[in-house]
Amino acid sequence: MTVSCSDKPKDVGRQIELKNIYQFSYQHGGLGRDSVVLLNSDNKSEFYDGIQIFRGQQLIIDYQEKNLEIIGTPQNVFVEHSRRTQNEYFYIFKIFEGQSPNSFLIVITSKEESSIFGKTETNSADIFGDIDYDGKFEIGGWTDYCQEDDSNKCPDMNLYRVFEIDDNFPTDTTLTKIFKQLIK
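About the cut-offs
Residues numbered from 1 in each chain as written. Predicted model: local features only at pLDDT ≥ 70, side-chain atom pairs only at ≥ 80, totals over all residues. Heavy atoms only, no water. Salt bridge = Lys/Arg side-chain N within 4 Å of Asp/Glu carboxyl O. Helix = DSSP H or I, 4+ residues; strand = E, 2+ residues; numbered from the N terminus. Buried < 20%, exposed > 50% of the residue type's maximum accessible area, 1.4 Å probe, protein only. Pairing = 2+ DSSP bridges. Core = buried A, V, L, I, M, F, W, Y, C linked by side-chain atoms within 4.5 Å. Contact = heavy atoms within 4.5 Å. Polar contact = N/O pair within 3.5 Å; in protein donor to acceptor, adjacent residues only side chain to side chain. Axes fitted to C-alpha atoms, helices over the stretch in contact; angles between N-to-C directions. Phe/Tyr/Trp six-rings, centres within 6.5 Å; stacked < 30°, edge-to-face > 60°.

Student: How should the pattern of salt bridges be read in this particular structure?
Tutor: Opposite charge on two side chains permits pairing when their charged atoms draw close. All chains considered together, the criterion is met by 7 salt bridges. Between Asp 34 and Arg 55 there is a salt bridge, and its shortest N-O distance comes to 2.8 Å. You can see Asp 34 sitting in strand S5 (residues 34-39) and its partner Arg 55 sitting in strand S6 (residues 50-55), a full 21 residues away along the chain. Of the residues examined, Asp 34 reaches a relative accessible area of 0% and is grouped as buried. Residue Arg 55 is classed as buried on the basis of its relative accessible area, which comes to 18%. Within this structure, Arg 83, Glu 88, Lys 136, Glu 164 and Asp 166 form a network of salt bridges that share partners.

Student: What's the story with the pairing of strand S4 (residues 21-24) in this structure? I'm lost.
Tutor: Here is the key point about a regular strand: its side chains alternate between the two faces of the sheet. Alternating positions in S4 separate cleanly, Ile 21 and Gln 23 being buried on one face and Tyr 22 and Phe 24 remaining unburied on the opposite face. By the bridge criterion, 4 bridges tie S4 to S5 in an arrangement that is antiparallel. Within S5, the residue paired with Gln 23 across the bridge is Val 36.

Student: What is the right way to read the nonpolar core from this model?
Tutor: Side chains that are nonpolar tend, in soluble globular proteins, to be buried together. In this structure, Val 36, Leu 38, Ile 51, Ile 70 and Phe 93 are the most contacted members of the largest nonpolar core, which totals 16 residues. In terms of residues, this core owes the most to one element, strand S10 (residues 88-95), which gives 3 residues. Ignoring sequence-local partners within four residues, the contact set of Ile 70 consists of Leu 38, Phe 47, Tyr 48, Gly 50, Ile 51, Phe 93, Lys 94 and Ile 95.

Student: Would you mind going over the side chain of Asp 172 with me for this structure?
Tutor: Relative to the elements of secondary structure, Asp 172 occurs in the loop between strand S15 (160-164) and helix H1 (173-182). A distance of 3.0 Å separates the side chain of Asp 172 from the backbone nitrogen of Leu 175, its partner in a polar contact. Residues contacting Asp 172, with those up to four places away along its chain left out, are Asp 132, Asp 134, Glu 138, Val 162, Phe 163 and Glu 164.

Student: Explain the sheet that holds strand S13 (residues 127-129) here, please?
Tutor: Either a parallel or an antiparallel arrangement is found when strands of a sheet pair, and the pairing is made through backbone hydrogen bonds. The strand order S13-S14-S15 describes an open sheet built from 3 strands, whose pairing is antiparallel. Two strands bound the open sheet, and with one partner strand each, they are S13 and S15. Averaged over neighbouring strand pairs, the angle between their axes works out to 10 degrees when direction is ignored. Here strand S14 (residues 138-142) runs beside S15; their pairing, made up of 5 bridges, is antiparallel. The residue bridging Gly 141 from the neighbouring strand is Arg 161, located in S15. Where H1 meets the sheet, its contacts fall on S13, S14 and S15, and the angle it forms with S15 comes to roughly 150 degrees.

Student: What am I meant to see in unusual backbone geometry here?
Tutor: Leave glycine aside and you will find that most residues have negative phi; peptide bonds, for their part, are mostly trans. Of note in the backbone geometry, Asn 168 takes a positive phi value of approximately 65 degrees without being a glycine. Tracing the chain through its elements places Asn 168 in the loop between S15 and H1. Its identity is not glycine, yet Phe 169 carries a phi of approximately 50 degrees, on the positive side. By the secondary structure assignment, Phe 169 is in the loop between S15 and H1.

Student: Would you mind going over the packing of aromatic side chains with me for this structure?
Tutor: The final tally for this structure, using the stated rule, is 10 aromatic pairs. Relative to Phe 24, the ring of Tyr 22 has its centre 5.6 Å away and its plane inclined at 80 degrees; by these criteria the two rings are edge-to-face. Their ring planes at 45 degrees and their centres at 5.9 Å tell us that Phe 78 and Phe 93 sit as a pair that is tilted. Residue Phe 78 is located in the loop between strand S8 (70-71) and strand S9 (79-83), and its partner Phe 93 is located in strand S10; the two are separated by 15 residues in the primary sequence. Exposure remark for Phe 78: the relative accessible area of 4% places this residue in the buried category. A network of ring pairs unites the aromatic residues Phe 90, Phe 117, Phe 163 and Phe 169 as a single cluster.

Below you can see the structure in the form of structure tokens.
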């Protein structure tokens, strides 16, 4: 369920005013639900630059970065994934990367602790989810867009990668190979 604490962005001249938005996590066994808030500290950007996560009345994550540009809407603040074997949960946030594909900021949370897990390299995320049912969330697509003048060099298959949300974001070589074969 997604709930917004603000109305739609208001046009202020040529600027857009974004207010903070939030979303509740799923009900986690033993943890309850978290309230995840995206912050817009200057109200002048069309992106969010901070994340706060509350469990009950306690602030468990307060993360802000000056040039962080989180993409969020009142209906889509983050994507959640359960790591079944470890009783941990990932909150996955989409980060704007300019002319490159987006990257993803990952927060990991459990009953004992919550922290920033890491930020992925850029990826077009044409594949997004546990697509091979191995319990690991995969993100796959183009790590950069082909900019070649010669269309015979595009698509550049070296720019295609499927990685798992796990320590150091390893490449899922099997899925990468399968999907590269499907690209024409």
